[in-house]
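# Coordinate analysis (summary)
Listed below are the residues making up each chain.
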Amino acid sequence: EYFEILDTSDWDAWCSKYVNQTIRKGEWDLIVDEIGDTNILEFPLFTPKFCREAIALADAKDKWTIDRHEFYPTNDVLLPEIGLDEIYNRVIHEVVRPLCIYWWHLEGKGWKKLKNENFMARYTMDRQSHLSLHHDFSHVTMVVKLNDEFDGGGTWFPKYKTLSNPEMVGTATLHPGMITHQHGARPITAGKRFIAVSFMRQGE
């Protein structure tokens, strides 16, 4: 089965279909929102077309797991398993990484190369509707909303009394991963919730 999203031979053509053009131009101060004074950022990253096709691809490959994480397992699939990891890492490297460096004034050559674990998670009423409070094993975590056919949900940060639950599909949320930003997935009350998650760690 052919999936257009996997045709990555032309980076610019791929981006024109799948990546928000304003964020790609680096106009961060124009469209990046910090939720309160929390170091939790929201911004448009992917187009609705990307979100639809990424979900369809994951469902077609049907390599969902339920026990990949020892302590806080999610119903998820690694992006390398569905052929989407290389292009996703390029988006992080060329679009998201410069935003992180700019916003948080990050220093050191380690930020020139990130080590990313990218996966898609699925919340459903019958299997897993929420995820308990935890810290991520990352320096920066990114969560992308892939669909809106659900009620409830969102990422809850109790220390900041803040819920990140963007309205628009393709919206990314960035937050520090370790120590300061414990969080969990609020339960959905109907439908299915799909998100893409990246654990980004500074390279050597």
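Predicted model only: the values in this text are computed from it and were never measured.

## Looking at the sheet that holds strand β5 (residues 131-134)
If you trace the 4 strands from one edge of the open sheet to the other, you get β5-β11-β8-β9, paired in antiparallel fashion. Taken across any chain shown, the strands that pair with only one partner, and hence form the sheet edges, are β5 and β9 (162-164). Each neighbouring strand pair of the sheet contributes to a mean axis angle of 20°, computed without reference to strand direction. Summarising the sheet, strand β8 (residues 155-157) and strand β11 (residues 183-185) pair through 2 bridges and their orientation is antiparallel. Of the residues in β11, the one forming a bridge with threonine 155 is alanine 185.

## Here we look at the packing of helix α1 (residues 11-18) against helix α4 (residues 48-61)
What describes two packed helices is the angle between their axes and the distance between those same axes. Packing of α1 against α4 brings their axes to within 7 Å, and their N-to-C directions diverge by 95°. By the angle between their axes, α1 is roughly perpendicular relative to α4. Contacts between α1 and α4 pair Trp14, Lys17 and Tyr18 from the former with Lys49, Phe50 and Glu53 from the latter. A breakdown of the residues in the contact of α1 with α4 according to their chemical character gives 3 nonpolar, no polar and 3 charged.

What counts, and at which threshold
- Residues numbered from 1 in each chain as written.
- Predicted model: local features only at pLDDT ≥ 70, side-chain atom pairs only at ≥ 80, totals over all residues.
- Heavy atoms only, no water.
- Pairing = 2+ DSSP bridges.
- Helix = DSSP H or I, 4+ residues; strand = E, 2+ residues; numbered from the N terminus.
- Axes fitted to C-alpha atoms, helices over the stretch in contact; angles between N-to-C directions.
- Parallel < 35°, antiparallel > 145°, perpendicular 65-115°, else oblique.
- Contact = heavy atoms within 4.5 Å.
- Nonpolar A, V, L, I, M, F, W, Y, C, P; charged D, E, K, R; others polar.

Purely spatial values, then, with no claim about function.
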